[in-house]
Amino acid sequence: MTEMQAQESVYLDHAATTPLRPQALEAMLPYLKEHYGNPSAVYALGRTVRAQLDACRDRMAAILRCQPGELYFTSGGTEAINLALHGYARAHRDQGRHLLVSAIEHHAVLHAAKALADEGFEVEEIPVDRYGRVHVDEVAGRLRKDTLLVAVMHANNEIGTIQPIAELGKLCQDHRVALHVDAVQTAGHLSLMDLDHAAFISISAHKFGGPKGVGALVARRGRRLLPILYGGGQERELRAGTENVPCIVGMTVALESAHAELAGEESRLRRLAQDLRNRLSRIPGTVFNSRPELCLPHIVNVCFEEISGESLLYLLDRAGIAAASGSACSAGSTLVSHVLLAMGLPRTLAAGALRLSLGYSSTEEDIARLMPVLQACVERLRR
Ligand SMILES: Cc1ncc(COP(=O)(O)O)c(C=O)c1O
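Residues numbered from 1 in each chain as written. Predicted model: local features only at pLDDT ≥ 70, side-chain atom pairs only at ≥ 80, totals over all residues.

1. A look at the domain arrangement of the protein chain
Here the protein chain is described as being made up of domain 1 (3-20 + 261-382) and domain 2 (22-256). Distance from the C-alpha centre of domain 1 to the C-alpha centre of domain 2: 27 Å. Only β10 (299-304) and α11 (338-342) provide two or more residues apiece to the side of domain 1 that touches domain 2. When grouped by side-chain class, the residues that make up the side of domain 1 that touches domain 2 number 12 nonpolar, 10 polar and two charged. (Domains from an automatic or database assignment. Helix = DSSP H or I, 4+ residues; strand = E, 2+ residues; numbered from the N terminus. Nonpolar A, V, L, I, M, F, W, Y, C, P; charged D, E, K, R; others polar.)

2. A closer look at the nonpolar core
With 116 residues, the main nonpolar core has Leu85, Leu99, Leu149, Val150, Val181 and Phe200 as its most contacted residues. At 13 residues, the largest contribution of residues to this core is made by helix α9 (residues 245-280). Contacts of Leu99, omitting those with residues within four sequence positions, involve Ala89, Ala113, Leu116, Phe121, Glu122, Val123, Leu148 and Leu149. (Core = buried A, V, L, I, M, F, W, Y, C linked by C-beta atoms within 7 Å. Buried ≥ 20, exposed ≤ 12 C-beta atoms within 10 Å, placed from the backbone. Contact = placed C-beta atoms within 7 Å.)

3. With respect to the site of the ligand
Around the ligand sit 13 residues, and of these Gly76, Gly77, Thr78, Asn157 and Ser204 come closest. Here the shell around the ligand is built from residues that sort into four nonpolar, eight polar and one charged. (Near = placed C-beta within 6 Å.)

4. Section: the packing of helix α3 (residues 44-64) against α9
Taken N-terminus to C-terminus, the directions of α3 and α9 make an angle of 30°; their axes are 10 Å apart at the nearest point. In terms of their interaxial angle, α3 and α9 are classed as roughly parallel. Remark: the crossing between α3 and α9 carries left-handed chirality. Here Val49, Gln52, Leu53, Cys56, Arg59, Met60 and Ile63 of α3 lie close against α9, whose contacting residues are Val245, Ile248, Val249, Thr252, Leu255, Glu256 and His259. (Axes fitted to C-alpha atoms, helices over the stretch in contact; angles between N-to-C directions. Parallel < 35°, antiparallel > 145°, perpendicular 65-115°, else oblique. Left-handed = near helix turned anticlockwise from the far one by under 90°.)

5. Things to note about the sheet that holds strand β12 (residues 353-357)
With antiparallel pairing, the three strands of this open sheet are ordered in space as β9-β10-β12. Each end of this open sheet is capped by a strand with a single partner; those strands are β9 (286-288) and β12. Each neighbouring strand pair of the sheet contributes to a mean axis angle of 30°, computed without reference to strand direction. (Pairing = 2+ DSSP bridges.)

6. Considering the pairing of strand β8 (residues 215-219)
For β8, the tally of buried residues reaches five of five residues, placing the bulk of the element in the interior. Both faces of β8 are covered, namely the face carrying Gly215, Leu217 and Ala219 and the face carrying Ala216 and Val218. Relative to β8, strand β2 (residues 71-74) runs antiparallel, the two sharing four bridges. Bridging across to β8, Phe73 finds its partner in Ala216. Here five bridges tie strand β7 (residues 200-204) to β8, and the two strands are oriented antiparallel to one another. Note that in β8 the partner of Ile203 across the bridge is Ala216.

Here you go:
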């Protein structure tokens, strides 16, 4: 892409990934250059890096409302999720076999659960309503004596719907069942207060302006996990492998920046998203897939009747606009979103989905630039 094209492009796919925050990059550079020591080394070069790693753990724990000893650094959201689900299920195999997983989880959860089903665990899906919301009584009615774990995400990556996690946390605590919350789309975007009763929380840095390939798992004290990687004794014997210190530093600074801006950004993005919804509603045959009051401030998901989302993405891309049709991992494939199907949308309508996701770098100008192009693309595809 030339510089000219880069300037003209409009990025509306922050739920897939976000640009690296400049403060995060600045903070990372010394750990890519002079502070390159292995944090497990005993000499000064290693000790400096170890001190920074410990400080990052303390700073992140304060924002994630956990003890530093409950935080484990991983290679991203996918690894954190796999560690929680596989590590917990395998460690408690003798106590139960039943796992409850919401139908609209990210594939990191769904496919990790499927692998557990292949090992002999029983995985049951929790249904959702038309707006992708899990109802607490649907979970309560499915809990059994042998239920080990419930997995419900904080907010969905495609439609943005926020789940009643505080109530689910209490329900699970009362029944002594572990709750895993995929907070990949909410850390740095929403208050995490509702997650205080969750046994496990997974997050990923690249969704809040941090680098890719780094994330973390919060595992509450007393929740025994088996490792899923074998090697050195890093991360208190739970996650082998030399810690990715530059990225952990970048993640910490990005989370602090996002957290500091949270209140202001939430209302700014809600205003931008509402403006976007108002303009989208003027395109005939537009169906909204989430209700703003139930939704993350920065995600707007619609279906356009009688068109293919994939073709729309292609035309938008040619006009320099980056958006998504389904989840990031299925972008580029012709799969219809499992989230929209679970919400009861007909396959033909779900095939016309468009996700527009805003971020800290989004402006009114982005929406003003998007709308005439989008309208023209929809009209062209319907012709
Ligand atoms: C809700 C959700 N969970 C998990 C993941 C996976 O995170 P990572 O890309 O860090 O592996 C993503 C990324 O798209 C996501 O949106």
